[in-house]
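Fold and contact review
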Amino acid sequence: MAGYGMIKVETRGKVGLITLDRPAALNALCDQLMTELGQALRAFDTEAAVGAIVLTGSEKAFAAGADIKEMKDRTYPAVHFEDFIGNKWETVLTIKKPVIAAVAGFALGGGCELAMMCDIIIAAETAKFGQPEIRLGIIPGAGGSQRLIRAVGKSKAMDMILTGRMMDAAEAERSNLVTRVVPAESLVEEALKMGEAIAAFSQPSVAMAKEAVNAAHELSLKEGVRLERRLFHSLFATEDQKEGMSAFAEKRKPAFRNA
Ligand code: CO8
């Protein structure tokens, strides 16, 4: 896939790898970068050979936030009527395949929010998370105030958002913001390994597992369980359910066909 200027895109085995690549601005998430990221995510989502996506940045920064210089002169009517942020920032939420954020260095403001919109966050020991918008006279605008509290609870979310301080990788792991912390040099390989393990399963079941878990953020327990039941039942219409269960009974490895 060619033609991108601020991201790098490659396929490793069954995993799509997107690397944010705007080093001069610590991967600040400007309009062009977010447009390219959305295009790459959508392309991987429709590529049959890809079963999971890893999103990463550089050693120094996953992303240091939305582009402050691009935002600074915007007026209230402009941001309101253009629906600033809007769909472009939320493309990652529409992706059916699992998206793993592999975070090293700064994940601040919109960068932290982008990581939280992914399905799983793996952090390097060097990772630093924060919602420093308060220091700029604004507040998080891409879901940070809502997603951070769901991950780390009210007191710590308030602490992060009201003081604008950063959280290191160890605190992020203790607080359940990330699933695990790994050495910086093996971050991308670990994320790719996780992606490869997920991609080996039947894609319909992976997509439905992702949908069911994410729905827990939005639905009541009763509605969530009802959705889970419907998704669970629907998987009995797939060949892969027959294959997975037959393979277990026959003591062999399943050969999933994503059908
Ligand atoms: N926007 C634009 N440029 C940035 C950003 C940013 N968020 N972060 C860093 N840069 C630029 C710097 O201006 C600098 O450029 P130059 O060399 O031209 O001066 C270059 O990147 C390197 O940065 P520093 O020299 O500052 O590097 P340091 O290692 O000294 O410091 C920090 C690293 C601590 C990460 C520091 O750069 C910093 O504090 N950055 C800003 C962090 C921040 O406030 N992020 C929140 C932004 S607001 C936001 O994300 C709101 C989200 C709302 C939703 C999205 C709506 C679109």
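Residues numbered from 1 in each chain as written. Predicted model: local features only at pLDDT ≥ 70, side-chain atom pairs only at ≥ 80, totals over all residues. Heavy atoms only, no water.

Using the following cut-off: UniProt positions are given in the numbering used here, feature names are shortened, and annotations may be inferred rather than shown by experiment.
With an unreviewed UniProt entry as reference, the protein chain is termed enoyl-CoA hydratase, source organism Muricoccus nepalensis. The UniProt entry for the protein chain carries this comment under Sequence similarities (unreviewed entry): "Belongs to the enoyl-CoA hydratase/isomerase family."

Description of the packing of helix α5 (residues 110-117) against helix α6 (residues 144-152)
Using the following cut-off: The angle between two axes is taken between their N-to-C directions and runs from 0 to 180 degrees, where each axis is a line fitted to C-alpha atoms and a helix contributes only its stretch in contact. The secondary structure listing takes helices from DSSP runs of H or I that are at least 4 residues long and strands from runs of E that are at least 2 residues long, numbered from the N terminus. An angle below 35 degrees is treated as roughly parallel, one above 145 as roughly antiparallel, one from 65 to 115 as roughly perpendicular, and anything else as oblique. Handedness of a crossing follows from how the near helix is turned relative to the far one, being left-handed for an anticlockwise turn of less than a right angle and right-handed for a clockwise one. Residue contacts are defined here by distance: any two heavy atoms, one from each residue, within 4.5 Å place the two residues in contact.
In contact at an axis separation of 10 Å, α5 and α6 are set at 60° when each is read in the N-to-C sense. Regarding the angle of α5 to α6, the classification is oblique. The two elements α5 and α6 meet at a crossing, and its hand is left-handed. Between α5, through E113, M116 and M117, and α6, the contact on the second element is made entirely by G144, R147 and L148.

Some words on the sheet that holds strand β4 (residues 61-63)
For the record, the criterion: One requirement defines pairing of two strands: DSSP has to find at least two bridges between them.
Spatial strand order, β4-β6-β8-β9: four strands in an open sheet with mixed pairing. Looking at strand neighbours, the two that pair on one side only are β4 and β9 (166-168), the edges of this open sheet. This sheet shows a mean twist of 20° between the axes of neighbouring strands, independent of strand direction. Strand direction decides the pairing type here: strand β8 (residues 128-130) and β9, joined by three bridges, are antiparallel.

Some thoughts on a nonpolar patch on the surface
Heads up, the rule is: Here the term patch refers to residues with relative accessible area over 30% and no salt bridge, with like charges joined within 9 Å and nonpolar side chains (Val, Leu, Ile, Met, Phe, Trp, Tyr) within 5 Å. The Shrake-Rupley method, run with a 1.4 Å probe sphere, supplies the accessible areas, and residue values consider only the shown protein chains as cover. The rule for a salt bridge is simple: a side-chain nitrogen of Lys or Arg has to be within 4 Å of a carboxyl oxygen of Asp or Glu. Exposure categories follow from relative accessible area, calculated using a 1.4 Å probe and restricted to protein chains: below 20% of the type maximum is buried, above 50% is exposed, and the middle band is partly exposed.
On the surface, a cluster of nonpolar side chains totalling about 390 Å² of accessible area is made up of I134, I139, M158 and L162. You can call I134 partly exposed: its relative accessible area is 36%.

Overview of the pairing of strand β7 (residues 120-124)
Within β7, four of the five residues are buried, which leaves the element mostly enclosed by the surrounding structure. Note that strand β5 (residues 99-103) and β7 share four bridges and pair parallel. In the sheet register, I100 faces β7, and the bridge partner there is I120. As paired elements, β7 and strand β10 (residues 180-182) share three bridges and run parallel to each other. Bridge pairing in β10 places A123 opposite V181.

With respect to the environment of R252
As a reminder, the rule being used: Whenever a nitrogen or oxygen atom comes within 3.5 Å of another N or O atom, the pair is scored as a polar contact, on the condition that within protein one atom can donate a hydrogen and the other can accept it, and that pairs from neighbouring residues in sequence are kept only if both atoms are in side chains.
If you trace the backbone, R252 turns up in the segment after α12 (239-249). At a separation of 2.7 Å, a polar atom in the side chain of R252 contacts the side chain of E243. For R252, the side chain forms a polar contact with the side chain of E250, separated by 2.7 Å.

A few points about unusual backbone geometry
What is expected of a backbone is that most residues other than glycine have negative phi and most peptide bonds are trans. The phi dihedral of N176 is positive, around 70°, even though this residue is not glycine. Positionally, N176 belongs in the loop between α8 (169-174) and β10. One non-glycine residue with positive phi stands out, namely N258, at about 55°. Here N258 lies in the segment after α12. Classification of N258 by relative accessible area gives partly exposed; the value is 37%.

Structural notes on the environment of V225
Along the chain, V225 falls in helix α11 (residues 221-234). For V225, a relative accessible area of 35% puts it in the partly exposed group. With 75 residues separating them in the primary sequence, V225 and R150 have C-alpha atoms 19 Å apart.

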